[in-house]
Amino acid sequence: MTLLAAFTFVTAQAATPRLERQGSTMRLIVNDEPLLLLGGELGNSSASSAAYMAPYWPKLKQMNLNTVLAPVSWELVEPVEGQFDWRSFDQLLKDARAHDMKLVLLWFGAWKNSMSTYVPSWVKRDQARFPRVQLPNGQSTEILSAFSTATRDADARAFAALLSHIKAVDAKQSTVVMVQVENEIGMLPVAREYGAEANRLFADRVPAELMRHLDASRVHQTGLHKLWAEQGGKSEGTWTEVFGEGDASAEAFTAWHYSRFVEALVVAGKAAYPLPMYVNAALNRMNKAPGEYPSGGPLPHLLDVWKAGAPSLDLLAPDIYFPNFVDLAARFRRADNAVFIPEANNSDKPEVPANAFYAFGKLDAIGFSPFSIESIADRKPNPLADAYAVLRQLSPAILSAQGLNRMSGFRPRILEDETVIDMPVTEDIGNYSFTVSFIDPWTPEAEQRTATHGGLIIQTGPEDYLIAGQGIVVTAKPIGTGPPLAGIDHAWEGRFDQQGRWISGRLLNGDQTHQGRHVRLAPGQFQIQQVRFYRYR
């Protein structure tokens, strides 16, 4: 290889989107620059029609998105086995570029929401070659079996063909920045399959590589680790010997074989074009059994099964439609897993903007994306668009602070039963300890919906902070030696322009800071304040 050819190869490789570590987290790097994904996921069928999408693209741009999550279905791109039709994808790519949007592609292959409805007709109609899941009574379902090598290989070939095509048409532009492999994988309505091959493997020993990973990952103490310990922590044995009788061992078995199926796709896809890839989870509700929710997906208690079974995946991501966002999202933040929320509830939910601030500020998320984004494109007022406008301005500061303990996000904790815990929260950031209250003292409580309140704080200098959001009141105390009291040197409201320059608004040195007692971001209007603190006696 000549020197010029080697330089060209390295440059091309450097331009491929990738995850890169910064401090305690990972950042998404696109065109060799970090990118924060302010996203929205389209409805399942929207991207299949360019005409349907045409009026929405400019509206999504006006909503301050920089990324659209869009499905690419197997049945559309390979209607005849071995013959690929890229017209729908190419139009999607063209439209995204025309509106300066990035794309995260959702591969609807063998499974979508557990079911197999997006596979081509030639797969659906050939049950001998592409067998279905069998229930305990022998009945088949509209779910392809994870134990079929023919299904796995056909899916992997199509997936690799997609990645190869993306490389051919997009490697220079990097419009496509990540790919989701399948969609909300999970077994229904029981915990595992009951076909002959599934039964044979369930009676066999737990694979050694899974046992080694569980042993090495004890620090995580997931539900599976606890289940294993309750059974005596055996180093080998059958699934029931290691994990016990019942649905829990059946679900671990299901998770292992789903993850191995996915690993085959990821390996094939990355061999064609190594974009970052992830799998998303349909989460389980409290007191529900595996099969009542999609069994075996990348759920919090099964993350280490998936880490062992699909090591080529870049991350595992939650789809969060339950109220307890804080609790659920936090379970995916691990040293070996960057946080990305591909479906952050439905776009019209009023709590979604506060969740976005929390995800970026507290969890160092690489991206956030509510579902059915086009459904709120015409909404006025549009709180999500307003929140994204602020987050877009803050993106350089957020990206600079991620993983370095210079930032945090705040919102009331909401329980699964929708109880709102809106007590103040205290957290240390840099040289100050901040207490954030979610109840505004100057607004009648009957007019406040504290579940929608939230924001983030970013340290930009020894005493300088950006405080953004709405419905929060922030007080500060110094940390460490020195004068014990904190005062506000100055607090400016303002904004960042498109070049990243700070444009000051009002200087808030009177009633707006309660004569220097606190920083207040009133309910109902997302804003940014640039604040400098000082210490005194």
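Please refer to the structure placed before this passage.
Residues numbered from 1 in each chain as written. Predicted model: local features only at pLDDT ≥ 70, side-chain atom pairs only at ≥ 80, totals over all residues. Heavy atoms only, no water.

### Re empty space enclosed by the protein
Turning to step 1, where the next piece is worked out: Under the criterion given, the structure shown has three cavities of 30 Å³ or more.
Turning to step 2, where the next piece is worked out: In this model, the largest cavity occupies a volume close to 50 Å³.
Turning to step 3, where the next piece is worked out: For the largest cavity, the full set of lining residues is Arg21, Ser24, Thr25, Met26, Arg333, Arg334, Ala335, Asn337, Ala338, Val339 and Leu363.
Turning to step 4, where the next piece is worked out: Its residues placed into classes, the lining of the largest cavity shows five nonpolar, three polar and three charged.
Turning to step 5, where the next piece is worked out: Of the pockets and cavities examined, the second largest cavity occupies roughly 40 Å³.
Turning to step 6, where the next piece is worked out: Residue lining of the second largest cavity: Ala146, Phe147, Met187, Glu193, Thr254, His257 and Tyr258, and that is the complete set.
Turning to step 7, where the next piece is worked out: Its residues assigned to classes, the lining of the second largest cavity shows four nonpolar, two polar and one charged. (1 Å grid on protein atoms, 1.4 Å probe; cavity = no way out; pocket = protein on both sides within 12 Å on 5 of 7 lines; lining within 4 Å. Points joined across faces, edges and corners; volume = space filled by probe spheres on them. Nonpolar A, V, L, I, M, F, W, Y, C, P; charged D, E, K, R; others polar.)

### Some remarks on the sheet that holds strand S4 (residues 37-41)
Turning to step 1, where the next piece is worked out: The strand order S11-S10-S9-S6-S5-S4-S13-S12 describes an open sheet built from eight strands, whose pairing is parallel. Lying at the two open borders of the sheet, with one neighbouring strand each, are strand S11 (315-319) and strand S12 (340-341).
Turning to step 2, where the next piece is worked out: Strand direction decides the pairing type here: strand S10 (residues 277-282) and S11, joined by five bridges, are parallel. Looking at S11, one finds that Asn280 is bridged to Ala317.
Turning to step 3, where the next piece is worked out: Across the sheet, helix H5 (residues 87-98) touches strand S5 (67-73), strand S6 (102-112) and strand S9 (176-183), and the angle it forms with S6 is around 155°. (Pairing = 2+ DSSP bridges. Helix = DSSP H or I, 4+ residues; strand = E, 2+ residues; numbered from the N terminus. Contact = heavy atoms within 4.5 Å. Axes fitted to C-alpha atoms, helices over the stretch in contact; angles between N-to-C directions.)

### Digging into the packing of aromatic side chains
Turning to step 1, where the next piece is worked out: In the structure shown here, the tally under the stated rule is 26 aromatic pairs.
Turning to step 2, where the next piece is worked out: Consider the rings of Phe147 and Phe253, whose centres lie 5.6 Å apart with planes at 20°: the pair is stacked. Of this pair, Phe147 sits in the loop between strand S8 (140-144) and helix H7 (149-170) while Phe253 sits in helix H12 (residues 247-272); the two residues are 106 residues apart in sequence, bridging distant segments of the chain. Each member of the pair, Phe147 together with Phe253, is buried.
Turning to step 3, where the next piece is worked out: Ring geometry for Tyr432 against Phe434: centres 6.4 Å apart, planes inclined by 45°, an arrangement best described as tilted. The same class applies to Tyr432 and to Phe434, which are both buried.
Turning to step 4, where the next piece is worked out: A network of ring pairs unites the aromatic residues Trp74, Trp107, Trp122, Phe130 and Phe159 as a single cluster.
Turning to step 5, where the next piece is worked out: When the ring centre of Tyr194 is taken as reference, the NZ or CZ atom of Arg192 above it lies at 4.1 Å.
Turning to step 6, where the next piece is worked out: The lysine or arginine in question, Arg192, covers the ring of Phe202, its NZ or CZ lying 4.2 Å from the ring centre. (Phe/Tyr/Trp six-rings, centres within 6.5 Å; stacked < 30°, edge-to-face > 60°. Buried < 20%, exposed > 50% of the residue type's maximum accessible area, 1.4 Å probe, protein only. Lys NZ or Arg CZ within 6 Å of the ring centre and 35° of its normal.)

### Observations regarding the nonpolar core
Grouped burial of nonpolar side chains is what soluble globular proteins tend to show.
Turning to step 1, where the next piece is worked out: Counting 130 residues, the largest nonpolar core has Leu163, Phe243, Trp306, Leu313 and Phe368 as the members making the most contacts within it.
Turning to step 2, where the next piece is worked out: A per-element tally of this core places helix H16 (residues 383-401) first, with 11 residues.
Turning to step 3, where the next piece is worked out: For Leu313, the residues in contact, after removing those within four places along its chain, are Val181, Val262, Glu263, Val266, Met277, Tyr278, Val279 and Trp306.
Turning to step 4, where the next piece is worked out: Counting 20 residues, the second-largest nonpolar core is a separate cluster that includes Phe438, Ala486, Leu508 and Phe533. (Core = buried A, V, L, I, M, F, W, Y, C linked by side-chain atoms within 4.5 Å.)

### Comments concerning the environment of His213
Turning to step 1, where the next piece is worked out: Mapped onto the secondary structure, His213 falls in helix H9 (residues 208-216).
Turning to step 2, where the next piece is worked out: When its relative accessible area of 22% is taken as the criterion, His213 is described as partly exposed.
Turning to step 3, where the next piece is worked out: With residues near it in sequence (within four places) discarded, His213 still touches Asp304, Lys307 and Ala308.

### Considering the pattern of salt bridges
Turning to step 1, where the next piece is worked out: In total, this model carries 24 salt bridges according to the counting rule given.
Turning to step 2, where the next piece is worked out: A salt bridge links Lys59 to Asp378; the shortest N-O distance between them is 2.9 Å. Of this pair, Lys59 sits in helix H3 (residues 56-62) while Asp378 sits in the loop between strand S13 (367-368) and H16, and the two are 319 residues apart along the sequence.
Turning to step 3, where the next piece is worked out: Given the relative accessible area of 24%, Lys59 is considered partly exposed.
Turning to step 4, where the next piece is worked out: We classify Asp378 as exposed; its relative accessible area is 52%.
Turning to step 5, where the next piece is worked out: The shortest N-O distance in the salt bridge between Arg97 and Asp170 comes to 2.7 Å. Of this pair, Arg97 sits in helix H5 while Asp170 sits in helix H7; the two residues are 73 residues apart in sequence, bridging distant segments of the chain.
Turning to step 6, where the next piece is worked out: For Asp170, a relative accessible area of 0% gives the class buried. (Salt bridge = Lys/Arg side-chain N within 4 Å of Asp/Glu carboxyl O.)

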